[in-house]
Structures are given as structure tokens and as C-alpha cells.
Amino acid sequence: MAGISAPTPTRTPQRSFAADEQLLGDILREVIALAEGPGAVELLDLTVELGQRARRGDDAAADELARRVAGLSLDEAEVLVRALTRWFQLVNLAEDNERVRRLRARDWQGSAAAAADGADMGPPAPREGSIRDAIAALADRGVRSDHLQAVLEEAELRLVMTAHPTEARRRTTIDKLARVFGVLRELDEVTTSRPHEARRRLQATVQELWASDDLRAISLTVVDEVRGGLVHFASTLADTVPRIYRDLEEALAEFYPGRSFTLPALLSFGSWIGGDRDGNPFVTPETTVQALDLMREQCLRLLEAGVERLAGRLSLSERLTGPAGGLAPILKAGEEDFPALAEQLAALNPEEPYRRALTFVRERVRATQTRTPGGYRESAQLLADLQRVRAALVDGAGALTAAGDLHDMIRQVEVFGFHYARLDIREHARVHRRALAEIFSVLGVCADYEPLEDPERLALLERHIRDRRPLIPADIDAFSDGTRETIETFRMLRDTLSDAHRGAIQTYIVSGTEGPADLLEVLLLMKESSLAEAGGGRAQLRIVPLFEAGATLEGAPETMRTLMEAEVYRAALRGLGDEQEIMIGYSDSNKDVGYMASAWAAYRAQMRIAEVLREQDVRWIFFHGRGGAVGRGGGPTSTAIRALPPGTVRSRLKMTEQGEVLAAKYAVAPIAHRELELSTSATLASGFQLGSDRHDEFERVVQEMAEQSAQLYRRVVHEDPEFVAFFETVTPVQEISRLRLGSRPAKRSQAAGIKDLRAIPWVFSWTQARIVLPAWLGLGTALAEARERHGLDLLREMAAHWPFFDTLLSNAEMGCAKADLAIARRYAELWADARSRKRLFAPLAEELTRTIDELVLIRGGERLLDSEPVLQASIDRRNPFVDPLSFVQIELLRRLRGDSEPAAEQLGRVSLLTVNGIASGLRNTG
């Protein structure tokens, strides 16, 4: 969705969510009636009415809904599914618009209150979660300016956009919805004088939307994914990011008056799109270069336009302001490199040195794009020129001008560089191991490398990392395709980092890390590709372990300790500033041991890894691989940051932003600003994080809970031989695998079973079936037993005083609120054998009920989400519309499983449409 921004309102907006919902619903019904006839609207209204009655406890209405859905032809079912899906997509916009209203109303009320109170009452209280709120809290706690400056110099929040395919909507759908949202925003502005014209535009766009296919004709390519990820930079982030920095500057000036602070690029962005090759055969060395080229091209285009705007605006005449001596290096170099342009500028702007200087800067940016003489080699050179212009303005008569657009332009270059984001590279440990096993075997170094014990493997790797002689020959034709591609990837990285993409890649992530050899294998391949010297020194890439599965999280501290004791690895670290990056995964560990045990294993691993690195006097930054859904580490980013172990963040972290989360957070400028301020303020506050006095006791209780939770989870998911078949039958996992969500296959290999299934279809499928198992299985039992053993008061105290535990419960509460036992039971009926169905489904039903009861008991209220009324109202509003889609999906899955439907192609197609619809209704995929 394109970014939408508007001037701050001069009064509280008069429109409401109800007005938007009514307007969009009416227009949708008009469009459906024109295209499909009044009968389609009547069917929509009837199914929603039955859904509403069923929600009020009318079992007969639920049965009637199921009966009517079973009697629909495929054509009728398709129209109904499309109608419900479009309603969700439009009501999502209405909810986003209401969020923008709330944000702007708070700003307006604060400004109005300040104006009314005058100087006597002082400025309004900071908005909760804002950067101003965070800095005010630090000042109130007595944090000294020098201490805060030290934290700011170390602070880093990098939000990493990933290629994980959890955005179910097509780009064309997103673009049309963006236009609808734009009209809604216009209707909210006080200057709107033609509401009938706005309605006409809405009708036209909704009609386009109705007549457009929601399913992709072909799978996305990696380059398609790159383009999709870059959309948000140009549409919202380019303008929003400088605002975040201004918020911080203003807060520091307000709460630390008279103190001077230096702000580095503490908020930045990363990407996996085009670099994540783990299990994706379509990410090759060539596609990684294509991704970098595209990132560079689009970022430089933005920078060129920005510099050109500045050149047009900075028309200061030296006849009026005096000479601008600081511009001499830019002017001199420009005259030498672009003589024709210099002659033209001398004639057009003889007394306007800033305009001439910035025009030369613009020409250098253009030359950078085309890779012709005169271009910048790296973004630091452009930054230096812009800083020269700022210094000249400050020294002359233009300090206020320097603090305007030029100030924001400098921030853009600091944050975005020449690529918008740094591209991470990821590959699975077994790929490196297999490649080196073949290399060692073919070259006669070691006949059978893979079965070696760890000490032997480490000794062999260290020896060859130290060896100045190359191991891998220049000609690699003798090796297999897989080994050649691994070698070519590292050689591509060497060439890329020394050429136009200097600084665009910093990190090489090793997924499936089990031990220290997994990282030394990468270091050896780096050394062989001249990405590090013999002995490990002058390493050009961070080597980052990804710890995710239960056993590897448990063994992670020892893995890091062994690495720190390996001289070749410490030499590589020294070349990178003695800083170790560690990635913590949440998806596969959840699939392995369940929600509760997974969250605790990740928390505990971070504490223990930090202890090891602190002992070794090594700085660190944790990289959190979070998804959108609760089962993949999801939930609000700011609360997730506050829930991390005290002392492990220290205002430094990376975090993934995946799939549908990108559009939800960054498609609309006011929402993007709010999300970024929440994340940035939480990261800054983490530098001063304190633990509870009763932390040890709290941790012992959670350790017990994790063990109990994992036991139940494994018994249900892993130990029952029929569970995999049950999962594949009662959820639409097979259909999701065909949905063309992204470029990656649904499985890492062709093997059957849960272990090889990617976490995204695992979570997505349970969400579609309204069971949402990854968000709660095992938690209810653990909470009930902990309550009986330790008492309810202790659990409530833990929730009140330990952000980790509070967030754990809060996210589970959200997941359980989106689950529905009555609907889930109907999905379970797709499993034909009644006796084994009861055995398989009964534990799930009991545990979901138990979890809901325990969450309500601990968190208070009468039902889930009583403390989150906006979210609760949203789910309540959607359920009567989601339920009919679930009934349709169940019926279509029944027909597909029965294999008796002659129109197989249309049947499969409509079943895929239900997946999109339910995802839009629940606002969650994977």
C-alpha cells in the first residue's frame, strides 16, 4: 500500500470508524449487485446474519450456515468468498484510518492543551511509547547527559525485511487498496469540499478491485520480492525516518537543555530479500547481485531527486550572504570532473555557490547510478559533501536553512546509504559442510570429513584457515553443482564488496548452527575467497550463528565459548571491532517444543550467551528472527523488545520484519511513524533496563513451566504417529503450499513430516483452521500446574513485574482470541475416523479451553482481551464474517479430500481464495 500522509488537523476529525465501515460496505454491495446481481448481495447478507446468530450461541444457525454452504455451487461459493474477502480488505483500511485518527487526535489534543495552558502549565505530557516519553523517563530517573551520550553512540536498531512469504495479497490488490485508503484520508481532512467526488472515486476503485483476480498467475520471483520490499522505502520510510531523528533531537533539547548530543545512525534497515538462500534454490549468486543492483538503483534515484530539490531551493547569493569558502572543495572538483556543466552553471548561477555545489553533487549521484567517471565510490563521500554544505551554511547566514531539508537529506544518506538497507546473506550449515567434505575428498585432504568428531573437525578447519596456501583451486569445474555454487557465492561476495556495492553486505548468517565448526567452515570459505586473510584476520563479513531448535539453543553458550577460544575466530572478530552478532530464531523451536518452552529457551540462551561474551570482553548484538504470528515470535515489536532479558540488549539489536507485517506497519506514513517511534524508544530504554528483585524465583517457576509444556507438546505433536497425517488432513496446508506466496518452497526438502516443513506453512495452516495451535499448546497445562504449586498471586506478580512473562501471556491471549473451538471442531471432522479423531482432537480442545481459562484468571477480566478493548472489538466485529469463510473452506476441503468433484481446477482455485480471505479476516498468515 502506498504511503499516505496529510497535514496535522486543526481540529479533531469528525468522521468515525462506523462512518467509514458503512460507506465502504455500501459501495461494496453496490459493486457486487452491478456485477453479479442482487442475489449475490442477498447471499452475503444471509451468511453474515447466520454467522452473527451462531456467534450469539445459536447452534441451529451454525448448522444452517453449514447446510447452505454445502449446497452452494462452485460459482456461488466463489462469489461469496470474494465478497467476504473484499469486505475484510476494506474494513482493514477503515481500522487503519481509525488508528491514524487516534494518533492525530492525541497530537492535536496535546497541542491544543499546550496552547490553552500557556507558559504557566508547561508542555503537554509525552505520548506513551513515544521517543519524547522515553527521554523524559530517563531524565526523571536522573540519567546524566554523558551517560546518555555514551548509550546513543552504541545504540543500534536495525529492522530487517525478510523474504519470508507471508503476504498473501497480490501487489495489484495492495495498490488498489492504497488508493481507497487515500480517499478515506481525504474525507477526514477539514479542507475536503467534494464528498460526492470522493465517493465516485471509491466506487470506481472498488469496482476495479472486485474485477481483479486475488490469486497470482505465477509464483513470485526473487526480484519481484525485492521490488515489493523496496516499495515502503520510497512511499513512507524516506520521509518518516528523518522525522524519527527529529523527534529524538527535540526530546533531548527539551529534557536536557543546554546539553549537546551527537546522534549516529542508530535506526537503520536490513534485508534478506535476495540474500536468503537457505532452502531457496532460486537465490543464486546472480540473483543476489540483481537484488543489490535494484536496491542501489532505487535508493540512488531517491537521493538524486532529493539533492536536485535542495539545489533548486538553496539559492542563497554570495553577494548578500558573503562568500561560502567551505564549498571550495566541491566546486573545484565539480569544475574538474564536469567542465561542461561548470560552464553552464557559471553562466546561470554565477553568484549562487550553494546551488552550483549541489548541482555538482547531483551530477555525481547520477554518475554513481550509471557507474561513469565522477561518481561516488561510497555513500560516505556523498555524506561528506552534504556536511560541507551544511557547515558552510551554519558559518554563513543560513543556520536555519541548514536545519531544514538539508538536515533531513543528511539523515537519509546516513541511514539508507546507497542501498536503503544492508543485505544479509543466509545459508544452512549443512550446505557448507557438504561442500567442504567434497573439496577435502577431491583434493585428498580428508577422505570422509562429515563423520569427524568435533575436535578433529575443528583442528582440520583451523589448520587450513591458518595456511597461507590456497585450498580451493581457481578452476572448480571438477566439483559438483552444489559445491560450485557455494564457492561462487563467496567469490561473488568478494567481488561485490570491492565494487559498486561496497558496504552493502555486512552479515553472513549460518542457519542450522549446531556447533563451532559450523562457523569455522564459513571462515575457511571466506579465507579461500579473499574475504579474510590467512589466520582469520581482516575478515570482511560478520559470521552469525542462528540458534533456533531446542537442543541448539541449549548448547549455544558452549558453542560461543569454544569459538571465542579459537584464535583464528578471534582474529576474524578483531577485524570486525570485536563484536559478535548472534541470531535467535523462534519459529522452528516453537515447532519443535511449543510456544512456552520455545520462548523460555530463547530467553535463557540469550542470558547465557551474553555471560560468555561478557567474560571474553566481546561486544555483541542479538538478531531476533520474529514472524508476524505469535507462533513465530510475533506480537507488538516494542513490547517484544522490553521483554528481552535485562542486560542483553543494551540499546543494540536487530529484528526481522516479515511478510504481511511490512504492509501493516509501513504502508501508511502516520502508522509507520508510530511503529518506528515505539521500536526506537523501547530500544533506547533497554540500555537502562533493570531486572526484578525476585528474578531468580520467577525464572525457576518458568523453567518448571517450560518443561511441563514441552512434555505435553511433544506427546501430542511428535509422539503420536498419526498426528502429521491429521495435520495435513484437517488444515489447508497442501493448498497453502500451492498459493504462490513467495519464491521459496514450502519444505526445505522433499521428506515427509513436521521437521522438514517450514515454520510459515505450519503456523499459517493452524491459523486458517482456527486452531492456532503454535500460540498455546502446552501453555495452559503449565499455567494450571504452576498456579496449583505456587499460587495465583505469584503468577500475577510475575505478569506485573516481569515484562517477559507479561508479554508471553499477552501474545498467547491474542492467539487464543483468534482461535475458535467450535469452528476448529468442524475442521477436525475432515478426519474421517471418528475414534482416532476423538483421540487426536480431544487433547487440543481441552488444552485450548484450559489455556483460555488460565489466561483470563491471571490477567483479569471476564474474557480474553478485556484489557485490549480496541483489539477485542476488532476480532468481535470480524468473526461473523470470518466464520462463513471457514465454513466454505471446510466444505471445499471436504470435496477436495473426497476427490469426487469434476471441476477440480475451479475447486482448487476457490479453496485458495478462502485462504486469502481468512488471512485478511484474521489479519494474520505466518
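Residues numbered from 1 in each chain as written. Predicted model: local features only at pLDDT ≥ 70, side-chain atom pairs only at ≥ 80, totals over all residues. Heavy atoms only, no water.

### Description of the overall build of the protein chain
- Looking only at helices and strands, the protein chain features 39 helices and 9 strands.
- Compactness check: the protein chain gives a C-alpha radius of gyration of 29 Å against a globular reference of 29 Å for 926 residues, within 12% of the reference.
- By its C-alpha atoms, the protein chain is 85 × 80 × 60 Å across when sized along the principal axes.
- For the protein chain, the proportion of its 926 residues judged to be buried stands at 58%.
- When contacts within the protein chain are restricted to residue pairs at least 6 apart in sequence, those whose partners lie at least 24 apart make up 82%.
- For the protein chain, the accessible surface area stands at approximately 36100 Å², while carbon and sulfur atoms represent 49% of it. (Helix = DSSP H or I, 4+ residues; strand = E, 2+ residues; numbered from the N terminus. Rg over C-alpha atoms; globule rule 2.2 N^0.38 Å. Buried < 20%, exposed > 50% of the residue type's maximum accessible area, 1.4 Å probe, protein only. Contact = heavy atoms within 4.5 Å. Areas by Shrake-Rupley, 256 points an atom, 1.4 Å probe, with all protein chains shown as cover.)

### Overview of the nonpolar core
- Of all hydrophobic cores here, the largest spans 151 residues; its most connected members are Phe 269 and Phe 416.
- It is helix 9 (residues 222–255) that contributes the most residues to this core, 13 residues altogether.
- Contacts of Phe 269, omitting those with residues within four sequence positions, involve Arg 158, Leu 159, Phe 233, Leu 237, Val 241, Val 415, Phe 416, Tyr 420, Ala 421, Arg 422 and Leu 676.
- Core analysis: the next-biggest nonpolar cluster, separate from the first, contains 125 residues, Leu 65, Phe 88, Ala 775 and Leu 893 among them. (Core = buried A, V, L, I, M, F, W, Y, C linked by side-chain atoms within 4.5 Å.)

### Quick word on the sheet that holds strand 3 (residues 422–423)
- Across the sheet, which stays open at both edges, the 9 strands sit in the order 3-2-1-9-8-7-6-5-4 with parallel pairing between neighbours. Edge positions in the sheet fall to strand 3 and strand 4 (425–428), since each of these pairs with one other strand and no more.
- Inspection of the sheet shows strand 7 (residues 579–585) paired to strand 8 (residues 619–625) by 7 bridges, in the parallel sense. Looking at the pairing, Ile 582 lines up with Phe 622 of strand 8.
- Sitting on the sheet, helix 28 (residues 669–686) is in contact with strand 1 (156–162), strand 2 (267–271) and strand 9 (652–658), with an inclination near 135° to strand 1. (Pairing = 2+ DSSP bridges. Axes fitted to C-alpha atoms, helices over the stretch in contact; angles between N-to-C directions.)

### Remarks on helix 37 (residues 834–859)
- Helix length check: helix 37, at 26 residues, gives a terminal C-alpha distance of 36 Å against a target of 38 Å (1.5 Å per residue), a fit within 8%.
- Residue Phe 841 marks the point of greatest curvature in helix 37, where the axis turns by about 35°; the proline Pro 843 follows within four residues.
- When we look at burial in helix 37, the residues that qualify are Ser 836, Leu 840, Phe 841, Leu 844, Ala 845, Glu 847, Leu 848, Thr 851, Glu 854, Leu 855, Val 856 and Ile 858.
- In this structure, the buried residues of helix 37 make contact with helix 29 (695–717), helix 30 (723–730), helix 33 (779–790), helix 34 (792–801), helix 35 (803–818) and helix 36 (821–828). (Expected span 1.5 Å × (residues − 1). Bend = angle between axes of the 7 residues up to and from the residue.)

### Describing the side chain of Arg 826
- Residue position: Arg 826 is located in helix 36.
- In contact with Arg 826, other than residues within four places in its own chain, are Ala 62, Asp 63, Ala 66, Phe 887, Ile 890 and Arg 894.

### What to know about the pairing of strand 1
- Counted residue by residue, strand 1 has 7 buried out of 7 residues, so it is predominantly covered.
- Every second residue of strand 1 is oriented toward a common face, with Glu 156, Arg 158, Val 160 and Thr 162 on one face and Leu 157, Leu 159 and Met 161 on the other, all of them buried.
- In the sheet, strand 1 pairs with strand 9 via 7 bridges, with the strands oriented parallel. Looking at the pairing, Leu 157 lines up with Leu 653 of strand 9.

### Description of the pattern of salt bridges
- In the structure shown here, the tally under the stated rule is 86 salt bridges.
- For Glu 249, the salt bridge goes to Arg 411, with nearest N and O atoms at 2.9 Å. Here Arg 411 lies in helix 17 (residues 405–416) and Glu 249 lies in helix 9, a separation of 162 residues in the sequence.
- Relative accessible area serves as the criterion here: at 23%, Glu 249 is assigned to the partly exposed category.
- Owing to a relative accessible area of 7%, Arg 411 belongs among the buried residues under this scheme.
- Several salt bridges converge on common partners, so that one network encompasses Glu 154, Glu 156, Arg 158, Asp 424, Arg 542, Glu 579, Glu 581, Arg 619, Arg 652 and Lys 654. (Salt bridge = Lys/Arg side-chain N within 4 Å of Asp/Glu carboxyl O.)

### Let's talk about a nonpolar patch on the surface
- A cluster of nonpolar side chains, contributed by Val 442, Leu 443 and Val 445, occupies part of the molecular surface with about 210 Å² of accessible area.
- Tracing the backbone shows Val 442 in helix 18 (residues 429–442).
- Relative accessible area serves as the criterion here: at 46%, Val 442 is assigned to the partly exposed category. (Patch = residues over 30% accessible without salt bridge, like charges linked within 9 Å, V, L, I, M, F, W, Y side chains within 5 Å.)

### Quick word on the packing of helix 25 (residues 595–615) against helix 35
- Across the interface, helix 25 lies against helix 35 with an axial gap of 11 Å and an inter-helix angle of 150°. In this view, helix 25 runs roughly antiparallel relative to helix 35, as classed from their interaxial angle. Crossing handedness for the pair helix 25 and helix 35: right-handed. Within the contact between the two elements, helix 25 uses Tyr 595, Met 596, Ala 599, Trp 600 and Tyr 603 and helix 35 uses Phe 804, Thr 807, Leu 808, Asn 811 and Ala 812. (Parallel < 35°, antiparallel > 145°, perpendicular 65-115°, else oblique. Left-handed = near helix turned anticlockwise from the far one by under 90°.)

### Quick look at the packing of helix 15 (residues 379–395) against helix 17
- At their nearest, the axes of helix 15 and helix 17 sit 10 Å apart, and the two run at 160° to each other. One way to sum up the angle between helix 15 and helix 17 is to call them roughly antiparallel. Between helix 15 and helix 17 the crossing geometry is left-handed. Listed contacts from helix 17 to Ser 379, Leu 382, Leu 383, Leu 386, Gln 387, Val 389, Arg 390 and Leu 393 of helix 15 are Leu 406, His 407, Met 409, Ile 410, Val 413 and Glu 414.
- For the contact of helix 15 with helix 17, the class distribution of residues is 9 nonpolar, 3 polar and 2 charged. (Nonpolar A, V, L, I, M, F, W, Y, C, P; charged D, E, K, R; others polar.)

### A few points about the packing of aromatic side chains
- For the coordinates displayed, the defined rule picks out 25 aromatic pairs.
- With 5.9 Å between their ring centres and 90° between their planes, Phe 233 and Phe 416 make a pair best called edge-to-face. Taken as a pair, Phe 233 in helix 9 and Phe 416 in helix 17 lie far apart in primary sequence, 183 residues in all.
- Ring geometry for Phe 726 versus Trp 831: centroids 5.7 Å apart, planes at 70°, classification edge-to-face. Placement of the pair is Phe 726 in helix 30 and Trp 831 in the loop between helix 36 and helix 37, with a sequence separation of 105 residues.
- Phe 726 sits in the buried class, given a relative accessible area of 0%.
- According to the relative accessible area criterion, Trp 831 is buried, its value standing at 12%. (Phe/Tyr/Trp six-rings, centres within 6.5 Å; stacked < 30°, edge-to-face > 60°.)

### Points about the environment of Phe 841
- Assignment of secondary structure puts Phe 841 in helix 37.
- A sequence separation of 72 residues divides Phe 841 from Leu 913, and the C-alpha atoms of the two residues are 26 Å apart.
- Discounting residues that sit within four places of it in the chain, Phe 841 has contacts with Phe 726, Leu 821, Ala 824, Arg 825 and Ala 828.

### Some thoughts on the environment of Asp 720
- Mapped onto the elements of the fold, Asp 720 is located in the loop between helix 29 and helix 30.
- Separated by 315 residues in the primary sequence, Asp 720 and Asp 405 place their C-alpha atoms 63 Å from one another.
- Reaching out from Asp 720, the side chain makes a polar contact with the backbone nitrogen of Glu 722 at a distance of 2.9 Å. (Polar contact = N/O pair within 3.5 Å; in protein donor to acceptor, adjacent residues only side chain to side chain.)

### Concerning the pairing of strand 9
- Taken across its 7 residues, strand 9 has 7 buried, putting it largely inside the fold.
- Burial of strand 9 is two-sided: the residues Arg 652, Lys 654, Thr 656 and Gln 658 facing one way and the residues Leu 653, Met 655 and Glu 657 facing the other way are all buried.
- When strand 8 meets strand 9, the two strands line up parallel, connected through 3 bridges. Note that in strand 9 the partner of Phe 622 across the bridge is Leu 653.

### A closer look at unusual backbone geometry
- Backbone geometry at Arg 371 places phi at a positive 60°, although glycine is not the residue there.
- Inspection of the secondary structure assignment puts Arg 371 in the loop between helix 14 (353–370) and helix 15.
- In this structure Arg 371 comes out as partly exposed when scored by relative accessible area, which is 47%.
- In the Ramachandran plot, Asp 578 falls in the positive-phi region, its phi being about 55° despite a non-glycine side chain.
- Mapped onto the elements of the fold, Asp 578 is located in the loop between helix 23 (567–574) and strand 7.

Functional significance is not addressed by these values, which are geometric in nature.
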